[in-house]
Amino acid sequence: LYDFMKNKVGPLLNSTEVEQKTSISVPLPSVLTVPVDLAAARQSGALTATDTAAAEMQINIPEQKSFLSLDQLTMLNILASNNWKRPICFTSPYGEIGFGPYLRQEGMIFRLTPVHNAQRAMNLNKTDSLLLNTFRFGGAGLKGIYFDEENRRHLLTIRSTYAQAASNLANEGRKQEAVNLLAKAEKGISPENLPYAMVSRFQSHNQISVLYLEAAYKAGYTDLVNKVKSALRKDLTEQKRYYNYLKEHKPDSYSSFISDEQDCDQFLQYMDRLEKTYNPQSTLINEVPGQRRDSADSTH
């Protein structure tokens, strides 16, 4: 990668012909490699104590990629020259130029690591610690605070992060820790300020709440399951009723809402599958955050 950036890209960028351009066309190899300084990677936090990494990181450039924008060139230049001495972090799992599999989530950021992951990875212990001990909620837990659409979107991102981390903890059998995380989210974000269910662009609000519901199911957090499930079913069925009204009485207006109705159907079907899988009537336990159950309490 360093050689490519210096000897292939560098001369093109130094040309006066590209001064006003936002991207450049350059023959892209299918694979670029970055040497891994294991000691530096461990010192900077890119590698944990239990991680193992190869001697080089392999970046597979997408086949359809024919040009690099200046922001992408900047990213690659940083990767080429950093030599793992400082953390490189992103606010989303950026994968457009081939290094997506090397990103690992920590809280709400995605850190570049020299460890290749087949699926989206999370540093679970670090994330659990951040969410439980460091995160703040900007007054979202106070009564009577109004959040507009943009601020609701940011709060949903926080709620989604708690859901993902709690779900991963439950998958590892750490259910009480998952309950503690969800309880922290509940305390920090009041449902009165950010409802569990709500009409929004692309149904993103309810989509995240379905993930939140699934995390509660996995953790065995019965009270939260019941609250989120009830709110979601109410909102989704009310939306369905509205779309049916449009179909019957204002068909010309209905076409704009077809995808919304399809999302409602998918969410309701997924909720039915969750309920069937986890069967809250017989398999969920009322858990008190911070209090463990002994083996006798966990029998049904």
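Residues numbered from 1 in each chain as written. Predicted model: local features only at pLDDT ≥ 70, side-chain atom pairs only at ≥ 80, totals over all residues. Heavy atoms only, no water.

(A) Structural detail: the pairing of strand β6 (residues 103–106). Side chains of β6 alternate between two faces, with Leu 103 and Gln 105 and Arg 104 and Glu 106 buried alike. Looking at chain direction, β6 and strand β7 (residues 109–112) are connected through 4 bridges and run antiparallel. Following the sheet pairing, Gln 105 is matched in β7 by Phe 110. Between β6 and β7, which pair antiparallel in sequence order, lie 2 residues; one of them, Gly 107, sits at a positive phi of approximately 65°. Summarising the sheet, β6 and strand β8 (residues 121–122) pair through 2 bridges and their orientation is parallel. The residue bridging Gln 105 from the neighbouring strand is Met 122, located in β8. (Buried < 20%, exposed > 50% of the residue type's maximum accessible area, 1.4 Å probe, protein only. Helix = DSSP H or I, 4+ residues; strand = E, 2+ residues; numbered from the N terminus. Pairing = 2+ DSSP bridges.)

(B) Region of the structure containing helix α8 (residues 222–249). Taking 1.5 Å as the rise per residue, α8 with 28 residues should run 40 Å; its terminal C-alpha atoms sit 40 Å apart, in good agreement. Listing the buried residues of α8 in full gives Thr 222, Leu 224, Val 225, Val 228, Lys 229, Leu 232, Asp 235, Leu 236, Gln 239, Lys 240, Tyr 243 and Leu 246. (Expected span 1.5 Å × (residues − 1).)

(C) The pattern of salt bridges, seen in detail. With the rule as written, the count across this model stands at 15 salt bridges. One salt bridge connects Glu 150 with Arg 153, and the closest N-O pair in it is separated by 2.5 Å. With Glu 150 and Arg 153 both in helix α5 (residues 149–171) and 3 residues apart, the pair spans about one turn of that helix. What makes Arg 153 partly exposed here is its relative accessible area of 39%. Linking Glu 238 and Lys 234 is a salt bridge whose minimum nitrogen-to-oxygen distance equals 2.9 Å. With Glu 238 and Lys 234 both in helix α8 and 4 residues apart, this pair spans about one turn of that helix. Connected through shared salt-bridge partners, Lys 229, Arg 233, Asp 272 and Glu 275 make up one network. (Salt bridge = Lys/Arg side-chain N within 4 Å of Asp/Glu carboxyl O.)

(D) Fine view of the confidence of the model for the protein. Across the protein, pLDDT averages 90, with 91% of residues at or above 70. The lowest-confidence element of the protein is helix α11 (residues 280–283), averaging 51 in pLDDT; the highest-confidence one is helix α6 (residues 175–188), averaging 98. Throughout residues 282–286 the model reports pLDDT below 50, and contacts reaching past four residues in sequence, or to other chains, amount to 15 contacts. (pLDDT = per-residue confidence, 0-100. Contact = heavy atoms within 4.5 Å.)

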